[in-house]
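Structural overview for review
What follows is the residue order along each chain.
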Amino acid sequence: MLNTLNNALLLNNGLPQFHLFQINHIEETIDTLLKKTHEQFVQIESNLENNQYTIPELYEISIDYIEKIEYPLDFAWSMISHLKSVKNSDELRESYEKMMPRVIEENSYMSQSKPIFDTLKMLKESNKLNSVQQRIIDSSYKSMFLSGIDLENNKKKRFNEIKLELGELSTKFSNNILDSIKNYELIIDHQYKEDMKHIPLYARELYSQSAQQKFPKSNPEDGPWKVTLDIPSFLPFMSHCPNSELRKEIYIKYISKASSGKENNLPIIKKILNLKEEIAHLLGYENYVEVSLSGKMASNQDEIENILNDLSEKSKPYALKDLNEIELFMKEMHPKKEKLENWDITYYSEKLKEKKYKFKEEDLKPYFALENVLKGLFKLSNHLFSIDIQEVDIKKENIHTWHEDVKFFHIYENTFNGTNKTYIASFFLDPYSRPGEKNGGAWMNTCVQKSKVLDKKPVAYLICNGTPPIKGNNDTCSKPSLMTFDEVVTLFHEFGHGLQHMLTTIEDAGASGINNIEWDAVELPSQFMENWCYHQPTLKSFALHYKTGKPIPDDLFQKIIDNKNYHVGLGMMRQIYFGMMDLYLYSHSIENEQDIIEIQKQFSYKYLVKDIVEEDRFLCAFSHIFAGGYSAGYYSYKWAEIMSCDAFCAFEEAGLENEQYIKLLGMRFRNTVLSLGGGTHPADVFKQFRKRNPNVDALLRQNGLL
Ligand code: ZN
């Protein structure tokens with residue numbers, strides 16, 4: 001028997017009791033919970049098979065009751081996963097990896113349950129559910145349907161074969177890219193010392209370090225240097241190496257990665273496209289785009305293509321202008337150079353940017369002390385959404401965290417006289433990087449999901465990786481945590497996800513917060529919040545120098561904006577080119593490998609302002625759509641930007657100085673985007689907020705393209 005008193009994985013009533021967590025509890029606890037969950041699930045399956053239930057009873061069993069029986073395992077496993085990402089150790093990873101396959105196995109058993117599927121089907125067709133319940137049932141049904149559960153024997157067999165083959169192909173696709181990166185190196189010796197001087201020291205250090213295996217005496221000043229096709233190695237070289245021939249050498253290798261010899265991905269692409277088309281047909285769809293869009297906000301391919309083409313038409317003149325500017329600058333720098341080649345663009349673009357808008361990250365950081373940024377973020381949230389955010393005294397309130405730097409906050413309904421506060425939600429904030437035990441990047445994750453069945457209010461984890469404060473023994477050597485501007489934007493982004501998780505009013509866990517939101521809509525609130533970092537009065541209200549208290553100077557703010565919008569036209573066309581090509585490939589039958597090359601060419605002519613070089617085989621390294629989850633979904637990046645900018649634009653149109661109206665609009669945003677969760681279709685949510693369908697103008701304006 002497990003001891004429930006001191007086992008944090010079983011103490012699932014309130015907040016996680018991190019102080020009681022012990023790695024040696026993991027295996028036995030998860031094993032017990034898995035067995036118990038499985039037993040109860042099988043019992044439900046057999047009850048459902050002897051179906052004597054009414055529709056409300058069926059809903060209660062297949063949704064509410066299952067939420068209850070899954071909860072203990074979910075709680076324990078998410079606590080372990082969370083700790084693995086913020087407080088990792090060899091022992092923790094070992095236990096995690098040992099139990100992981102069994103957790104996956106149980107999840108896949110449940111998602112393949114025929115009695116549950118049949119029940120969902122009955123519920124789906126009953127027309128007796130409220131709209132939130134209907135959406136939960138529809139999407140659970142769809143995800144089971146898309147896993148082939150409803151196919152008859154032969155088709156199902158074929159479906160599973162394809163799934164298996166696709167898994168292998170996507171691994172092979174990724175491995176080929178990795179191998180082709182690994183098998184190439186550009187060794188640059190001493191004779192190029194003058195060229196190499198122009199490359200930033202951090203990059204030369206990297207090049208020299210990688211060269212040391214072959215040339216133990218290599219050093220950053222004198223070389224030799226080894227440059228590879230890895231982005232951290234490749235990009236600084238393309239941006240700073242003044243030698244066009246050297247840039248050409250590595251550029252051609254880079255854009256033809258995994259396109260020849262043993263590592264050729266072209267036949268794999270053809271297979272993947274053919275197999276995904278076959279899957280679409282087995283499931284009764286015309287093509288794979290239809291499969292992908294069946295669970296997204298965008299309703300059909302035409303709608304996306306129209307929007308992207310609209311964006312393209314309006315951005316193209318700016319992209320041409322960008323290119324022209326780069327060309328003129330090249331002539332200015334090197335009058336004898338006749339033609340701007342593809343491998344010159346990054347270099348001259350970077351040099352021009354340095355000339356026009358140079359500023360150092362170090363100039364900005366003193367304005368972004370974490371404490372000030374948080375104050376600004378909370379004040380903005382209070383202003384827009386009428387919520388009060390208060391830090392909790394962790395010791396006094398007996399809250400336990402996984403590290404002493406972690407903060408904890410409560411969110412309350414804003415009451416103007418400060419009495420009778422209504423509690424809404426809470427969140428942990430883990431602000432600083434801890435190399436070695438904490439993953440890089442930033443994210444928002446669920447700690448507790450809002451749920452009526454389990455009587456829970458939402459709690460979120462907000463995880464960032466900022467620079468920790470320097471604690472000196474006197475005032476002169478201590479320094480608060482000073483953030484880079486990117487880190488500020490990231491914090492606003494993750495907080496936007498957090499707001500949607502915490503301010504949800506949906507009480508069915510299956511659709512509360514960010515649950516059940518189509519993933520081309522999930523970035524709306526996060527990117528919406530990012531926009532406020534580029535809004536001068538908002539930024540100025542909290543970007544105060546940590547020593548003098550003075551707000552960020554206007555010229556520095558302008559440089560932030562100029563940098564953001566620098567040559568954005570070129571970037572925009574590139575993203576549209578990827579998005580449109582992805583949709584085309586997944587909606588047409590591809591007969592041979594040569595067609596794929598031809599399609600890439602045609603799309604580049606249509607959307608890029610500079611012709612690609614003959615060797616360009618970009619698709620052979622397009623992992624997003626051939627080895628990741630973005631097949632027929634790459635458009636989502638632009639889609640989310642369009643939505644979030646358009647939403648932000650509502651505030652600009654209102655006139656941001658119009659306090660009363662901004663409050664009203666903020667509440668409308670809260671009552672729609674932040675409240676309705678996955679319980680309403682995102683296109684309807686958007687319409688409820690904006691009173692119309694989205695359009696691309698706001699994105700263009702926000703990027704200086706209108
Ligand atoms: Zn995000």
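One can find the structure itself at the top, above this paragraph.
Let us look at the structure shown here. On a predicted model such as this, the values are computed, not experimentally measured, just so you know. (Residues numbered from 1 in each chain as written. Predicted model: local features only at pLDDT ≥ 70, side-chain atom pairs only at ≥ 80, totals over all residues. Heavy atoms only, no water.)

Attention now goes to unusual backbone geometry. Put simply, Gly223 and Pro224 share a cis peptide bond, and its omega is -5°. Mapped onto the secondary structure, Pro224 falls in the loop between helix H8 (201-211) and strand E2 (225-227). Even without being glycine, Asn127 reaches a positive phi, approximately 60°. (Helix = DSSP H or I, 4+ residues; strand = E, 2+ residues; numbered from the N terminus.)

Looking now at the pairing of strand E5 (residues 423-432). The element E5 is extensively covered by neighbouring structure, given that 9 of its 10 residues are classed as buried. Of the pairings in the sheet, the one linking strand E4 (residues 407-413) to E5 comprises 6 bridges and is antiparallel in character. From the neighbouring strand, Phe408 faces E5, where its bridge partner is Phe428. Two strands pair when backbone bridges link them, and E5 and strand E7 (residues 459-466) are joined in this way by 6 bridges, in the parallel orientation. By the bridge assignment, Leu429 is partnered in E7 with Leu462. (Buried < 20%, exposed > 50% of the residue type's maximum accessible area, 1.4 Å probe, protein only. Pairing = 2+ DSSP bridges.)

Attention now goes to the packing of helix H13 (residues 301-333) against helix H23 (residues 593-607). At a closest axis distance of 11 Å, the pairing of H13 and H23 adopts a crossing angle of 55°. The pairing of H13 with H23 is recorded here as oblique in orientation. Counted together, Asn309, Ser312 and Lys316 of H13 and Tyr605, Lys606 and Tyr607 of H23 form the full contact between these two elements. Counted by class, the contact of H13 with H23 contains 2 nonpolar, 2 polar and 2 charged residues. (Axes fitted to C-alpha atoms, helices over the stretch in contact; angles between N-to-C directions. Parallel < 35°, antiparallel > 145°, perpendicular 65-115°, else oblique. Contact = heavy atoms within 4.5 Å. Nonpolar A, V, L, I, M, F, W, Y, C, P; charged D, E, K, R; others polar.)

Another point: the side chain of Ser256. If you trace the backbone, Ser256 turns up in the loop between helix H10 (244-255) and helix H11 (266-282). Here Ile252 takes part through its backbone oxygen, which lies 2.6 Å from a polar atom of the side chain of Ser256. Ignoring sequence-local partners within four residues, the contact set of Ser256 consists of Glu615 and Arg617. (Polar contact = N/O pair within 3.5 Å; in protein donor to acceptor, adjacent residues only side chain to side chain.)

A word on helix H4 (residues 114-126). Taking 1.5 Å of rise per residue, the 13 residues of H4 would be expected to cover 18 Å, and the 18 Å separating its terminal C-alpha atoms lies within 8% of that figure. Within H4 the residues assigned to the buried category are Pro115, Ile116, Phe117, Thr119, Leu120, Leu123 and Ser126. Where H4 is buried, its residues contact helix H1 (26-49), helix H2 (55-86) and helix H5 (131-146). A distance of 3.2 Å separates the backbone nitrogen of Ile116 from a side-chain oxygen at the start of H4, and that oxygen is part of Ser113. Just downstream of H4 lies Asn127, where phi reads positive at about 60°. (Expected span 1.5 Å × (residues − 1).)

Once that is clear, we can look at the coordination of the zinc ion. Where a metal carries four tetrahedral donors, each ideal angle is 109.5 degrees; where it carries six octahedral donors, the ideal angles are 90 or 180 degrees. Around the zinc ion, the protein contributes the donor atoms His493 (NE2), His497 (NE2), Glu523 (OE) and Glu523 (OE), at 2.1 to 2.7 Å from the metal centre. Note that the zinc ion binds 4 donor atoms; their angles at the metal cover 52 to 140°, and the shape is irregular. Read N to C, the donor residues that coordinate the zinc ion are spaced as H-x3-H-x25-E. Taken together, the positions of His497 in helix H18 (residues 485-502) and Glu523 in the loop between H18 and helix H19 (524-531) put the pair 26 residues apart, joining distant regions of the chain. (Donors = N, O, S within 2.8 Å, 3.2 Å for Na, K, Ca; no water. Tetrahedral: all angles 85-135°; square planar, octahedral: opposite > 155°, others 65-115°.)

Glancing now at the environment of Val42. Relative to the helices and strands, Val42 is located in helix H1. Judged by relative accessible area, Val42 falls into the partly exposed class, the value being 32%. Put simply, Val42 and Pro115 are 73 residues apart on the chain and 9.9 Å apart in space, counted from C-alpha to C-alpha.

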